[in-house]
Structures are given as C-alpha cells and as structure tokens.
2 protein chains.
Amino acid sequence: MANSTVRSTFDPARVVTSLRELAARTGGPEGSRRLCWTPEWLEARALLRESLSTLPVEVDVDEAGNLWAYLRGERPDTLVVGSHLDSVPKGGWLDGALGVMAGLELLRSLAAEGTPPVTVALVDWADEEGARFSRSLFGSAAVMGTLDVEILRGLSDKEGNKLVDILPQHGVDIDRLDGARTRLRDVKAYVEVHIEQGPVLESLGKGICTVTGTKGIERERLVFRGQAAHAGTMPMPMRRDSFRAASRFALAVAEIGDRHDGVTTVGAVACKPGVVTAVAGETTITLDMRHIDADELATMLAESRAAAEAAAEAEGCTVEWEHIFRIAPMPFHPALLEAARASVREVEGHDVELPSGALHDASEMARSVPTVMIFSSSTNGLSHTKEEDTPVDHLHMSADAFDRTCRRAIDAIVAGRV
Amino acid sequence: MANSTVRSTFDPARVVTSLRELAARTGGPEGSRRLCWTPEWLEARALLRESLSTLPVEVDVDEAGNLWAYLRGERPDTLVVGSHLDSVPKGGWLDGALGVMAGLELLRSLAAEGTPPVTVALVDWADEEGARFSRSLFGSAAVMGTLDVEILRGLSDKEGNKLVDILPQHGVDIDRLDGARTRLRDVKAYVEVHIEQGPVLESLGKGICTVTGTKGIERERLVFRGQAAHAGTMPMPMRRDSFRAASRFALAVAEIGDRHDGVTTVGAVACKPGVVTAVAGETTITLDMRHIDADELATMLAESRAAAEAAAEAEGCTVEWEHIFRIAPMPFHPALLEAARASVREVEGHDVELPSGALHDASEMARSVPTVMIFSSSTNGLSHTKEEDTPVDHLHMSADAFDRTCRRAIDAIVAGRV
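Scoring rules and cut-offs
- Numbers given to residues run from 1 along each chain, matching the order in which its sequence is written.
- Naming scheme: in the order in which they are written, chains are lettered from A and ligands are numbered from 1.
- It should be noted that, the model being predicted, local features are given only for residues of pLDDT at least 70 and side-chain atom pairs only at 80 or more, the latter also being counted only at that level, while totals for whole chains, interfaces and linings use all residues.
- As a rule here, side-chain values come from all non-hydrogen atoms in the structure, and water together with hydrogens is ignored.
- Overlaid copies result from least-squares superposition on C-alpha atoms, with residues included only where pLDDT is at least 70 in both.
- Contacts: residue pairs with any heavy atoms within 4.5 Å of one another.
- Defined in terms of a 1.4 Å probe, buried area is the accessible area two parts forfeit on being brought together, summed over both.
- Put simply, a salt bridge is a Lys or Arg side-chain nitrogen that is within 4 Å of an Asp or Glu carboxyl oxygen.
- Any pair of nitrogen or oxygen atoms within 3.5 Å is treated as a polar contact; in protein, a donor-acceptor pairing is required on top of that, and neighbouring residues in sequence qualify only through side-chain atoms on both sides.
- The helix count covers DSSP runs of H or I at least four residues long, the strand count covers runs of E at least two residues long, and both are numbered beginning at the N terminus.
- Ten residues, namely Ala, Val, Leu, Ile, Met, Phe, Trp, Tyr, Cys and Pro, are considered nonpolar, four, namely Asp, Glu, Lys and Arg, are considered charged, and the remaining ones, Gly among them, are considered polar.
- As a per-residue measure, pLDDT tells how confident the predictor is, with possible values from 0 to 100.
- Residue ranges assigned to each domain were obtained from an automatic or database domain assignment.
- Under the convention used throughout, the expected extent of a helix is 1.5 Å for every residue step, that is, one less than its residue count.
- A simple rule labels every residue: compare its accessible area, found with a 1.4 Å probe on the protein chains alone, to the largest value its type can have, and call it buried under 20%, exposed over 50%, or partly exposed in between.
- Only the stretch in contact is used when a helix axis is fitted, and all axes are lines through C-alpha atoms; the angle between N-to-C directions ranges over 0 to 180 degrees.
- Orientation is classified from the angle alone, with under 35 degrees giving roughly parallel, over 145 giving roughly antiparallel, 65 to 115 giving roughly perpendicular, and any other angle giving oblique.
- It is the rotation of the near helix from the far one that decides the hand of a crossing: anticlockwise by less than a right angle makes it left-handed, clockwise makes it right-handed.
- We call two strands paired when DSSP finds no fewer than two bridges between them.

1. Points about the relation of the copies chain A and chain B
Okay, step 1: Superposing chain A onto chain B requires a rotation of 180° together with a translation of 0.1 Å along the rotation axis, leaving an RMSD of 0.2 Å. On this basis, the relationship between the two copies can be described by a two-fold rotation axis. Every residue of chain A has its C-alpha some distance from the rotation axis, and the shortest such distance is that of Ser247 of chain A, at 2.2 Å.
Okay, step 2: By residue overlap, the copies meet face to face through one surface: 100% of the interface positions of chain A are interface positions in chain B.

Below, the structure written as structure tokens:
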C-alpha cells in the first residue's frame, strides 16, 4: 500500500459489477456490440455517464470524441487513467472496458476519500479498435498529435460511409482534431489496466503482471514474382513458382521471430492467377513483426529482408517490399514500472512482467507521458471474440494492482519523480 | 511416307493460311475471342463451314454441339481427326484451331486424291476449354458418355446464365446428349495435332514430337486447421499456425513431384481470418498432381498425404482433404504411336516424345478409341494468352507429321492393326 494515502476504499468487486452491467446493456449471445461511432457505442457511454453523474467530477468530450471525467485535486498536476469502451464487432466483454470501469472505481474511491493531492482524470478513448475505419488508437493519437488528417479523409467503412461524414454526427470536426492536444497540459502520468489478450500469464499460472512497454511493430507487404504457368505442361525444374518462394520465406521468418524472442506473422496470402490449374506467377503476403527492443526489431527486419531475397532466388523469383505501418517500441516509465512492480508483488506475490504484444492507447500516451500498464490474464489467450474471459479473482487482482499503482503514481507526481 | 497411298497433296502452308484467316476474323489485339456458345465462336464455325462447302463432305452437328464433316471412304471404318475452335477469353491463335485446320487440310488433300480407303471425319469439338461454364472437354466427353448431366444442370457463367438455358440456343438439349454417342460407331482411330503449351520442345531445340498419352490428374483441396491468434500477443512457441503448415507442405509436395518426374502444383491459397494482424487459424490450398504413369501418380498421392500429415503435425495443426477431380493417365495406342514416331522421324529426324501435361479431347477419345497426338513447340511455353505462338516452320512440320500419321493410321485401319 502506498504511503501518503488513507486506506483505499477502492472495491475491485464493483469493477466487475460495472463490467457485467455494461455487458448486459451492450453485449449479447454473439458478443459485445460497441463498435465505435454507432448508437450501441453511445449506449455504453450513456451507462458510463450515469455512473459518473453521482460523483463530484466534470465530464466533457474533447475535439476527437474522447470522453473525460475530471476529479479536481489539490493541484492541477494530473494523473490520467482509462482505456476504451468501444469494441470490435462480436467482441469480448473485458478488453478496453476493464480499464474504463477500473478508472471509474478509482474516481469513486478517491472522491469518497476526500480531495486527492493531484487531479485525476478518467478518459474513455474514442475508437481504439479502428474496427470500422481501419485506423486504431484514433482518440489517443489525436491527443498526441500523431493522426494524419489527409489519410483520415480517405477512410471509409465496408458500407462505403466515409469517416469524415460520420464524425460530425458525434461532434467531431476533422479539421479541429488538434484542439484535443490541450488535454495533455498538466498530465504527469498515465496508468491503464487491460487483459493480456494472449496466453502467457495463464501458461505461467499467474493472474496479473506488470507490463514493461508495448512492442514496436514493422508491418510490410511482400510481393513475390515468378512466372505463371500451366500446372500440367511446365516441368518442375523449369518453374518460377512464387508461392514456393513465399512458403520458404514464411518458414524462415518464423524461425527469425522465434530466435530473437519476438513475434513474426504471415497472416494474409493471395496468389495470382490463383487457380488450381496454374503455377502462381505472383504471390502477395503480409508480414507483421514485433519486438519490445528497437535494435532487435531492426535486426529482425534486416534478417527478414535477406531471407526474402534468398527465398526468391531459390525459386527463380523476385521480391518487392511495400511498407504498411511502423511504430517504435514504447518502453514504460521507470518510476511507474517500480510502482507497478511493487503493486503486483503486494497483490499476487511475484515479479512477473511482460511486454505487450498488442498496441494500446498507452502506446500513444507513452510517447510523451510517463506511462505504465497492468495486465490480467486472458482465459485460453482469447480476445476480440465472445469467448474472451478472465477468472473473476484475476479481474479483482488486476483492479487492486491498478488502484495501488495509481496511488503510487499520485505519490510520484507529488514527489516530482514523474 | 506411308506405303499404300499416292503422294500426299497435303500442303502445310495452307494450314497456316487457314489459321491466319481465322485469327483475322475472330482474333484481335487482345487475343482470340472464340469463347464457346457465343456469336464469335459461331463466326469461327462459319469460316470452317465455308471452307468445307467446297469439299465432297457431309457436314452436320451432333446432339452435343460437335461439328462433324465426313469424307466417305471405301469402307465405313472411320479415322477421326480434329480438335476445337473454341478458345479461352483473350486466348491464342493456335491452341485447338491448329488441329481443326490441319484436319481440314487433310480432308482437302484426301478428297483431291480420290476416294480414301476408309472414311475420314473431321470433328470440331464443342467447348473443349470449359472457360465459360467450368466444364472442359464437353463435346468429347458427351460422345464418350462421361458427362454427368446432374452436375451440368448446376453450372452457370459469371453473369449467372445457366448452361442449361444457353445450350438450347445452339440446338443442344441437355437430356439428349447421349445421342452423340452414336458418333463412335465405326470409329477405329483418332489423331490430333496440338501445340505443346509448355516449354520442353523449345528447350530441347525441337519443333515437333510424338505425344505418348495424357497425364493422369489428381486434384484436391487441403484445409489446414490450427488456431487463429493475435499476431502480437501469441508467442511463437505457442502458435498453431496453419499457414506455416501449408508452407511446409507446399515445399514438400514440390519435391515429391520433382523426384517422381511428375508435376505438382499448389496454385490457390486462402487464409482465415486473412488479416495482417492475426495468425492464420485456417489455410486452404489447392493441389494439382499429374503423371503419365498411374502407379507413379498413386505413389505421389500417397506420399503427399504423408507429407501433409507431417507438415500439419509439425505446426500443431490438422489437415483435411477434399477431393475435387480425378482422371486416369490415358496412354495412346501402340500402333498409332509407332505411326507418329515414324512420321516425326521422317519430318524432323529424331525420336523425341513427351506425355501431354494438359488434357485434350484426345484424353476422352483414348478411353475407348485408339488415339495418338503430335505436338508442335510453343514459343516461350506460353498458351491461353495473346502471346501464344509457334515458329512457322514448326507449324509446317507439325502439320506434315500429322498428315503422315493420319495416312499411316488409315493403313493401320485397313490392315486391322487398330
């Protein structure tokens, strides 16, 4: 327990109650229905606003559609906590909702305990998932000033609705997103609790852990080109089979990820002409590579380029790379990592820590704000599906560790350590 | 030159002239436009009918839409020659047209030389390509009685037109296809000349060769199943990556084809969920395997099943096979192979022979009729594209060897050797 506060009135059970209430209103047999910029997402926010309405907080929505609730403290220095209520279609009940409901409980407990030494703000980030318009971390990137408005103008959903036409229905003007950047003023720390969305904690028999940062990502498209040919008339030794080149690469790049303790994924593949009776003249694959260490990630990329060249050459093909996306690893803040470690130790009695393989709004915040995250386990490692779940005691522990980390973060702000 | 005939008046140059005339009327800058059951295909047939109209032949169309031209001989025993005028969209100028125009020249020359000892029939098979309704060898399969009428009823083209609605426009009644089977009565031999559609003859520096038969085909769909997972949160050692299993298989099956001197092709691939950020939980591939020897083909299939099991197991996946299509190897007739070999030796002075990797109407005919084929080279191995071509001297040689083979086939019929 942190030193400078009275005994916390934070109740982890109330976090789970809020999550179940949310699931009852915006979930169903097929999973969560909180796709951003839809009426069901607004319904989730209405529930959050109802809960906030009983607290001494100021609630408003910024220029990027993020919902903020400020509990004013003794000084303007601010701790921000939160996550996102939006979900993928047929998503899980926890995902971003855990962090928002834990933040709500933090405000509730702090308000009950008097005026906190610093201001504490809960944020419900808009469109973390990017599930409808393919731009994730929308709200947090807007606050950080890393959105490319020209790219946003080109985005449409599957029905052909343009993002720029949908946003005004939610009071968001694409030309005024920068206004949200003022929200960073006085912000000294950011804390987020989230489910792991992977199988590691469960495999270790642990319920929670400290998150050391979010992994950097290199995302590329590779086009292997050989020669399309008749499957019956082109002898094996004379073929230039682009799918064989892609297959060699897929196996080589898996070995690279494994050897560097990173992750590498070939998740999408398309062959041309793509028929049973023809050797594939062209094969396009996607590559996603992640590592918590920037140097290791750069090495993995360099080795992958060499592996792609070797795979292409072995099959008489060529290979071309098209860059899709890149984000650097975001290591979290040393003082907040200490706070999280101490809290996890108190709650579950161990020092397990993991990098996050998934991006989170914390990845954006960590660019310029001292940040840390807590993970709870994910049952069977599943997420973004109705099967997403976490044992209740793990949820309780993660909320507890989140509370303790936040109170330590408040101490660190007061002490000028962040 | 065969023994029993007068010196042949067959003129290979006239075959090329006919092909150029056909290309002028039904080709263009994008290639041939003779898709079966279309007005442009009828235009090609109109040209053929004009040429036949000056000869002493009986022309009619059978119940499956095949066009026949009979030059009556001294006996009803019949040699059938031909191929198909229909082409794929944007196809080449030679493909099936070479065999039809060479057959036309055979009728022209035989008619000029008097009454042949046996009846000689030219056939222009309907819908060899199956490019519109995905059922190749339509006309020859109808004559052989191997069409499945129930499957035909379900076929539609890309615009949704049903085959059963299009056929009546060409006088074809799907319930009366069997009538075409009477065309086999008195048929003693079938000879077809075709371009190789592959690169082997060119690579050997040869213009023509004897074709030993058409390869057997095993066509399968393989579904590798693992576990879809987040590309960032699922550690490499815990993955069950179906695409990696498919990649292992693709490389193993290429080795199998190579080692058995057959061909194996993975030409189409689809991953689910098929996005850059997810490990593929399910990967479906197509497999096409061909060999001229039935035992070797069976061995290749057995080895492929073992390779698929091993590839799946290595990645913690399962694999399921779905049968698509099977045809046995069709070795050609010994007496006619001798006729073709002697003719190729006379014309180009060598004994090169190849199995056909592609199916032809000859594959259907060979089921019950003594059959042989002659190949000409294909420039760069290309076919089914406007770039399809063959050096004119190779076309001349192939037509010449076809003529000599046909005259030897007539001798063989007379001598009762076929």
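2. Some words on the interface of chain A and chain B
Okay, step 1: Each partner contributes to the interface: chain A provides 52 residues, whereas chain B provides 52 residues.
Okay, step 2: Three residues stand out in chain A for area buried against chain B, namely Met236, Phe243 and Val276 of chain A, and they jointly supply 16% of the buried area on that side.
Okay, step 3: The interface formed by chain A and chain B contains 0 salt bridges.
Okay, step 4: Counting across the interface, chain A meets chain B through 6 residue pairs in polar contact (both at pLDDT 80 or more).
Okay, step 5: Secondary structure elements with two or more residues in the side of chain A that touches chain B: α7 (200–204), α8 (242–259), β9 (263–265), β10 (269–272), β11 (278–279) and β12 (282–291) of chain A.
Okay, step 6: With 9 residues, the single largest contributor to the side of chain A that touches chain B is α8 of chain A.
Okay, step 7: Considered class by class, the residues forming the side of chain A that touches chain B number 25 nonpolar, 17 polar and 10 charged.

3. Let's talk about the confidence of the model for chain A
Residue and element names in this part refer to chain A.
Okay, step 1: On average, residues of chain A carry a pLDDT of 96, and 99% of them reach 70 or more.
Okay, step 2: Across residues 1–5, confidence stays below pLDDT 50; counting only partners more than four residues off in sequence or on other chains, it has 10 contacts.
Okay, step 3: Prediction confidence for the complex, expressed as pTM and ipTM, is 0.91 and 0.91 respectively.

4. Side note on the domain arrangement of chain A
Residue and element names in this part refer to chain A.
Okay, step 1: Examined at the domain level, chain A breaks down into domain 1 (12–214 + 329–415) and domain 2 (216–327).
Okay, step 2: On a C-alpha basis, the centroid separation for the pair domain 1 and domain 2 is 36 Å.
Okay, step 3: Counting residues at the interface gives 10 residues for domain 1, matched by 9 residues for domain 2.
Okay, step 4: When domain 1 packs against domain 2, the two sides together hide about 670 Å² of surface, and 74% of this comes from carbon and sulfur.

5. Things to note about the environment of Val120 of chain B
Residues and elements named next belong to chain B.
Okay, step 1: Looking at where Val120 falls in the secondary structure, it is placed in strand β4 (residues 119–124).
Okay, step 2: Along the backbone, Val120 and Asn161 are 41 residues apart, and their C-alpha atoms lie at a distance of 37 Å.
Okay, step 3: Setting aside anything within four residues of it in sequence, one finds Val120 in contact with Ala69, Tyr70, Leu71, Leu79, Leu106, Leu107, Leu110 and Ile410.

6. Overview of helix α12 (residues 392–414) of chain B
Residue and element names in this part refer to chain B.
Okay, step 1: When the terminal C-alpha atoms of α12 are compared, their 33 Å separation across 23 residues agrees well with the 33 Å that a helix rising 1.5 Å per residue should span.
Okay, step 2: A large share of α12 lies buried, amounting to 18 of its 23 residues.
Okay, step 3: Within two residues after α12, Gly416 carries a phi angle of roughly 70°, on the positive side.

7. Regarding the packing of helix α8 (residues 242–259) of chain B against helix α9 (residues 294–314) of chain B
Residues and elements named next belong to chain B.
Okay, step 1: With their axes 8 Å apart at the nearest point, α8 and α9 run at an angle of 155° to one another. One element, α8, and the other, α9, form an angle in the roughly antiparallel class. Crossing of α8 over α9 shows right-handed handedness. Facing Ala245, Arg248, Phe249, Ala252, Val253, Ile256, Gly257 and Arg259 of α8, the residues of α9 in contact are Met300, Glu303, Ser304, Ala307, Ala308, Ala311, Ala312 and Ala314.

8. Looking at the pairing of β12 of chain A
All names here are of chain A.
Okay, step 1: Counting buried residues along β12, 9 of its 10 residues qualify, which places the element largely inside the surrounding structure.
Okay, step 2: Here 3 bridges tie β9 to β12, and the two strands are oriented antiparallel to one another. Bridge pairing in β12 links Thr265 to Asp288.
Okay, step 3: Bridging between β10 and β12 involves 4 bridges; their strand directions are antiparallel. Each residue of the ladder has a partner; that of Ala270, found in β12, is Thr284.

9. Quick look at the pattern of salt bridges
Residue and element names in this part refer to chain B.
Okay, step 1: Enumeration over the complete set of coordinates arrives at 70 salt bridges over all chains.
Okay, step 2: In this structure, Arg25 and Glu43 form a salt bridge, with 3.0 Å as the shortest nitrogen-oxygen distance. Of this pair, Arg25 sits in helix α1 (residues 12–26) while Glu43 sits in helix α2 (residues 39–52), placing them 18 residues apart in sequence.
Okay, step 3: Across the salt bridge formed by Arg153 and Glu150, the nearest N and O atoms sit 3.2 Å from each other.

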